[in-house]
2 protein chains.
Amino acid sequence: MSNAASRARYDVLTIGNAIVDVLAQTDEAFLVREGLAKGSMRLIEAQEAERLYEAMGPAQLVSGGSAGNTAAGIASLGGNAAFIGKVAEDDLGHFFRHDMNAVGIAFPTAALQEGAPTARCMILITPDSERTMNTYLGACQELTPADIDRDTVEGSAITYMEGYLWDPPKAKEAFRAAADMAHAAGRKVALTLSDSFCVDRFRGEFLELLRSGVVDIIFANNHEVAALYQTGDLETGIAALAEDAELAAVTLGAKGSLVLSGGERIAVPAPDVDELLDKTGAGDLFASGFLFGLARDMPLARCAELGSLAAGEIISHIGARPQHSLKALAEQHRLLGDMAA
Amino acid sequence: MSNAASRARYDVLTIGNAIVDVLAQTDEAFLVREGLAKGSMRLIEAQEAERLYEAMGPAQLVSGGSAGNTAAGIASLGGNAAFIGKVAEDDLGHFFRHDMNAVGIAFPTAALQEGAPTARCMILITPDSERTMNTYLGACQELTPADIDRDTVEGSAITYMEGYLWDPPKAKEAFRAAADMAHAAGRKVALTLSDSFCVDRFRGEFLELLRSGVVDIIFANNHEVAALYQTGDLETGIAALAEDAELAAVTLGAKGSLVLSGGERIAVPAPDVDELLDKTGAGDLFASGFLFGLARDMPLARCAELGSLAAGEIISHIGARPQHSLKALAEQHRLLGDMAA
């Protein structure tokens with residue numbers, strides 16, 4: 001992508017909800033009592049967040065958020081990453097910012113000074129390793145076009161954004177502003193569909209983004225493709241996506257991934273993992289690898305292989321940020337051999 | 001112990017520094033650059049805490065503190081536990097309190113409303129699983145005799161306190177006040193020596209506590225016994241401790257533990273662990289099991305066996321609070337069979 005415009009300072013800018021994960025072990029009975037659908041993500045208000053937190057067990061805190069996780073993966077691959085998202089000026093906001101700074105991610109967004117606290121996602125882990133997510137968006141509700149730092153967008157080969165940005169009221173305007181700036185600077189714009197419930201909420205708008213060319217590159221898993229085209233037949237969905245998108249990367253769980261580009265289809269196998277411990281973040285990290293490869297002008301198959309590698313690392317441990325250097329892992333698998341330093 | 005006074009509402013009250021652990025992976029080179037002695041615990045001021053936090057990698061937050069961990073272990077065994085310690089009225093303080101409430105630990109101490117933030121311990125984990133600790137005491141500096149809740153002390157079969165309480169300026173007065181209240185109510189007072197550096201700092205005072213009968217029960221590991229009596233010969237130290245203490249529980253790492261009581265010595269084997277992952281909290285959890293047994297009038301050997309069991313659970317995973325029900329584990333090992341419901 002570096003040929004499309006002046007050399008980019010950042011490989012990828014990710015924009016999304018800045019969230020701290022609150023992880024707690026729970027039993028099945030707790031989900032039943034709370035009426036929660038296992039494996040789902042729901043949005044909750046401040047009062048419900050307080051109540052649920054009081055009801056749940058001892059917790060641990062880790063920085064999260066889909067786009068934040070993707071940026072962390074790009075940094076771990078040795079890429080230059082930037083992130084835009086809204087935290088509050090509180091302990092959790094400092095914690096989130098520290099974790100970005102600590103891996104060298106540029107994070108130009110000012111913290112919210114007054115009002116809602118930093119967003120948190122209460123993640124209930126059942127003994128079968130499934131995760132049920134309850135997100136209180138807090139300060140993320142206040143992300144506006146004013147937070148879109150022009151220098152950062154113009155200096156990034158790709159600007160990648162979450163479908164989840166359609167949930168807070170003003171973030172979709174920020175999304176469109178960022179896309180306009182990126183395109184005006186000759187850069188590319190990518191979107192992840194985030195989750196199938198999110199697609200159900202904003203199907204029409206996501207299709208419009210694709211068909212009108214606001215988005216050049218789309219990331220989706222099989223469930224999200226099915227939801228986008230309201231079809232039970234994955235092949236029908238994939239064919240429709242190939243029509244609508246300039247470039248699409250579709251993850252298929254254990255069946256690997258599929259890259260759709262100009263009528264071409266490239267299939268890449270699933271990551272080779274000894275023990276699958278926690279699927280959270282697999283999609284976020286697939287995007288890290290794919291985007292990093294793309295920003296460095298690698299062939300599409302190699303981009304998807306890097307995506308698989310990064311996803312494989314993340315599902316082999318608890319938590320959605322890399323615990324091992326993805327750069328070292330990629331070098332070990334000879335996926336970075338022909339790369340410019 | 002329930003015969004010594006009126007039936008206790010709490011099996012054990014623990015009093016100590018209320019600390020949130022900030023865990024980050026690091027490499028050996030980082031410790032060298034920072035001039036840190038691997039495996040040690042050092043106290044740092046606010047400014048150094050800020051600087052070190054900025055220099056260290058992405059982190060996770062979990063509630064910790066030696067006495068807090070011990071209380072969590074007692075709760076996990078099915079005991080009634082209480083905790084006294086000072087957090088601030090901030091996010092980390094709420095987080096610490098939540099983790100106490102979530103496992104049913106009574107926590108009557110009011111949060112500090114102004115001044116220092118909640119204490120944190122920055123724990124650097126090297127690839128060999130060793131931990132190097134850097135503690136900023138923050139709000140713990142403000143624990144005073146006014147925080148010693150009389151009802152809670154009088155209602156607890158045993159009041160157990162950290163040697164670490166000698167570090168903040170006013171906590172030792174709180175310690176003495178609590179010991180006086182406990183004894184006046186016919187209850188027992190226990191002390192852990194915390195760590196060998198702590199013993200070096202306060203040797204004279206700890207010996208005086210023992211010899212004057214302020215403390216009835218003492219917990220120490222082999223290094224702390226050696227430091228207390230300034231001897232390289234463990235046997236010499238143990239003999240001296242048997243003289244000074246009414247009841248002592250000495251942990252010896254892989255060699256198990258030794259109970260010293262009225263000239264008698266009881267040896268109990270080390271916990272049987274498949275994989276030792278992280279030694280942090282082993283002493284804290286040994287104390288949980290031993291104290292719980294003692295509060296329920298179990299024989300001393302059984303108390304030490306419960307201590308070993310709890311320590312074994314904690315060293316088989318990362319983190320110093322139980323991840324599995326210690327009650328279920330103890331029942332499985334038939335250590336609770338003869339206990340009154």
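For this particular structure, what's the right way to read the overall build of chain A?
Tallying secondary structure elements over chain A gives 12 helices and 13 strands in all. On C-alpha atoms alone, chain A measures out to a radius of gyration of 19 Å, which is about the 20 Å that the 2.2 N^0.38 rule sets for 341 residues. In terms of overall dimensions, chain A has a C-alpha envelope of 50 × 40 × 40 Å along the principal axes. Once local pairs closer than 6 in sequence are excluded, the contacts in chain A between residues at least 24 apart make up 76%.

How should I be thinking about the sheet that holds strand S1 (residues 10-15) of chain B in this particular structure?
Backbone hydrogen bonds are what pair the strands of a sheet, in a parallel or an antiparallel way. Residues and elements named next belong to chain B. In space, the 8 strands of this open sheet follow the order S5-S1-S8-S9-S10-S11-S12-S13, with mixed pairing throughout. Only two strands of the sheet have a single partner each, and these edge strands are strand S5 (81-84) and strand S13 (264-268). On average, each strand axis in the sheet is inclined to that of its neighbour by 20°, with strand direction left out of account. Judged from the 3 bridges that link them, strand S9 (residues 188-192) and strand S10 (residues 217-221) form a sheet pairing that is parallel. Bridging across to S10, threonine 192 finds its partner in phenylalanine 219. Of the strands in this sheet, strand S11 (247-251) and strand S12 (257-261) touch helix H9 (residues 234-244), which is tilted by about 35° from S12. Across the sheet, helix H11 (residues 300-314) touches S11, S12 and S13, and the angle it forms with S13 is around 35°.

Would you take a moment to explain helix H10 (residues 282-295) of chain A for this structure?
One turn of the α-helix equals 3.6 residues, which is why residues spaced by three or four share an orientation. All names here are of chain A. Counted at 1.5 Å a residue, the expected span for H10 with its 14 residues is 20 Å, and the 20 Å between its end C-alpha atoms agrees. Burial within H10 is extensive, with 14 of its 14 residues counted as buried. Looking one or two residues past H10, aspartate 297 carries a phi angle of roughly 60°, positive in sign.

Mind showing me how you'd approach the nonpolar core here?
Soluble globular proteins tend to pack their nonpolar side chains together in the buried interior. Core analysis: the largest hydrophobic core is formed by 224 residues, its most contacted members being Val12(A), Leu291(A), Val12(B) and Leu291(B). If sequence neighbours within four positions are ignored, Val12(B) has contacts with Ile74(B), Gly79(B), Ala81(B), Ser156(B), Ala157(B), Ile158(B), Tyr160(B), Leu291(B), Phe292(B) and Ala295(B).

Explanation requested: the environment of Pro145(A) in the structure shown.
Residues and elements named next belong to chain A. Structurally, proline 145 can be placed in the loop between strand S7 (131-136) and helix H5 (150-154). C-beta crowding within 10 Å serves as the criterion here: with 16 such atoms nearby, proline 145 is assigned to the partly exposed category. On a C-alpha basis, the gap between proline 145 and phenylalanine 175 in space is 7.6 Å, while along the polypeptide they are 30 residues apart. Filtering out sequence-adjacent residues up to four positions away, proline 145 remains in contact with Glu173, Ala174 and Ala177.

Would you explain the interface of chain B and chain A in this entry?
By a widely used convention, the size of an interface equals the accessible area lost when the partners come together. At the junction of the two partners, chain B supplies 18 residues and chain A supplies 18 residues. Mapped by element, the contributors of at least two residues to the side of chain B that touches chain A are strand S4 (60-63) and helix H4 (91-102) of chain B. With 6 residues, the single largest contributor to the side of chain B that touches chain A is H4(B). Among the residues forming the side of chain B that touches chain A, the class breakdown is 10 nonpolar, 4 polar and 4 charged.

It is not clear to me how the pairing of strand S4 (residues 60-63) of chain A should be interpreted in this structure. Could you clarify?
Looking along a regular strand, one sees side chains alternate from face to face of the sheet. Residues and elements named next belong to chain A. Burial of S4 is two-sided: the residues Gln60 and Val62 facing one way and the residues Leu61 and Ser63 facing the other way are all buried. Relative to S4, strand S2 (residues 19-25) runs antiparallel, the two being bridged by 4 bridges. Looking at S4, one finds that aspartate 21 is bridged to valine 62.

Explain the sheet that holds strand S12 (residues 257-261) of chain A to me, please; I cannot follow it from the model alone.
Residues and elements named next belong to chain A. If you trace the 8 strands from one edge of the open sheet to the other, you get S5-S1-S8-S9-S10-S11-S12-S13, paired in mixed fashion. Strands with a single pairing partner mark the edges of an open sheet, and in this sheet they are strand S5 (81-84) and strand S13 (264-268). In this sheet, adjacent strand axes meet at a mean angle of 20° when their direction is disregarded. Bridge count between strand S11 (residues 247-251) and S12: 5 bridges; the pairing is antiparallel. By the bridge assignment, threonine 251 is partnered in S12 with serine 257. In this fold helix H11 (residues 300-314) packs onto S11, S12 and S13, with an angle of close to 35° to the strand it touches most, S13.

What is the right way to look at unusual backbone geometry in this model?
All names here are of chain A. Phi at serine 194 is positive, roughly 75°, even though this residue is not glycine. Unusually for a residue other than glycine, glutamine 230 sits at a positive phi of about 45°. Following the sequence through the fold, glutamine 230 ends up in the loop between helix H8 (222-228) and helix H9 (234-244).

Sorry if this is basic, but what is going on with the confidence of the model for chain A here?
Low-confidence regions, as indicated by low pLDDT, have predicted coordinates that should not be scrutinised in detail. Of the residues in chain A, 97% have a pLDDT of 70 or more, and the chain-wide mean is 94. Interface confidence in the predicted complex, given as ipTM, is 0.87; pTM for the same model is 0.90.

I would appreciate a short explanation of the packing of helix H3 (residues 66-76) of chain B against helix H10 (residues 282-295) of chain B in the present structure.
Packed helices, taken two at a time, are described by the angle between their axes plus the distance between the axes. Residues and elements named next belong to chain B. Following both chains from N to C, one finds H3 and H10 inclined at 45°, their axes separated by 8 Å at the closest point. Relative to H10, the element H3 lies oblique. The handedness of the crossing between H3 and H10 is right-handed. Each of Ser66, Asn69, Thr70, Gly73 and Ile74 in H3 lies in contact with H10, whose residues at this interface are Asp284, Leu285, Ala287, Ser288, Gly289, Leu291 and Phe292.

When you look at the relation of the copies chain B and chain A in this model, what are you seeing that I'm missing?
Here the second copy of the chain follows from the first by a rotation about an axis and a shift along it. Relative to chain A, chain B is turned by 180° and slid 0.0 Å along the rotation axis, the superposed coordinates differing by an RMSD of 0.0 Å. Expressed as an axis order, the relation between the two copies is that of a two-fold axis. Ranked by how close their C-alpha atoms come to the rotation axis, the residues of chain B are headed by Leu61(B), at 2.5 Å. Same-surface contact between copies: 100% of interface residues of chain B are shared with the interface of chain A.

Sorry, what's going on with H4(B) here?
With 12 residues, H4(B) extends 16 Å between its outermost C-alpha atoms, agreeing within 8% with the 16 Å of an ideal straight helix rising 1.5 Å per residue. Residues of H4(B) that are buried include every one of Asp91(B), Leu92(B), Gly93(B), Phe95(B), Phe96(B), Arg97(B), Asp99(B) and Met100(B), and no others. Next to the buried residues of H4(B) lie S4 and helix H4 (91-101) of chain A together with strand S2 (19-25), S4, S5 and strand S6 (119-125) of chain B. Just past H4(B), the residue Gly104(B) takes up positive phi, approximately 80°.

I keep staring at the pairing of S11(B) and nothing clicks. Help me out?
Residues and elements named next belong to chain B. Judged by how many residues are buried, S11 sits mostly within the fold: 5 of 5 residues are covered. Covered by surrounding structure in S11 are Leu247, Ala249 and Thr251 together with Ala248 and Val250, the residues of both alternating faces. Bridge count for S10 against S11 is 5 bridges, and the pairing is parallel. Across the sheet, residue isoleucine 218 finds its bridge partner in S11, namely alanine 248. The hairpin turn running from S11 into S12, its antiparallel successor, is 5 residues long, and glycine 253 in that turn takes a positive phi close to 65°.

What's the story with the environment of Val273(A) in this structure? I'm lost.
Locating Val273(A) in the fold gives a position in the loop between S13 and H10. Sequence spacing of Val273(A) and Ala116(A) is 157 residues, and the spatial spacing of their C-alpha atoms is 40 Å.

Procedures and definitions
- Residues numbered from 1 in each chain as written.
- Chains lettered and ligands numbered in written order.
- Predicted model: local features only at pLDDT ≥ 70, side-chain atom pairs only at ≥ 80, totals over all residues.
- Helix = DSSP H or I, 4+ residues; strand = E, 2+ residues; numbered from the N terminus.
- Rg over C-alpha atoms; globule rule 2.2 N^0.38 Å.
- Contact = placed C-beta atoms within 7 Å.
- Pairing = 2+ DSSP bridges.
- Axes fitted to C-alpha atoms, helices over the stretch in contact; angles between N-to-C directions.
- Expected span 1.5 Å × (residues − 1).
- Buried ≥ 20, exposed ≤ 12 C-beta atoms within 10 Å, placed from the backbone.
- Core = buried A, V, L, I, M, F, W, Y, C linked by C-beta atoms within 7 Å.
- Nonpolar A, V, L, I, M, F, W, Y, C, P; charged D, E, K, R; others polar.
- pLDDT = per-residue confidence, 0-100.
- Parallel < 35°, antiparallel > 145°, perpendicular 65-115°, else oblique.
- Left-handed = near helix turned anticlockwise from the far one by under 90°.
- Least-squares fit on C-alpha atoms with pLDDT ≥ 70 in both.

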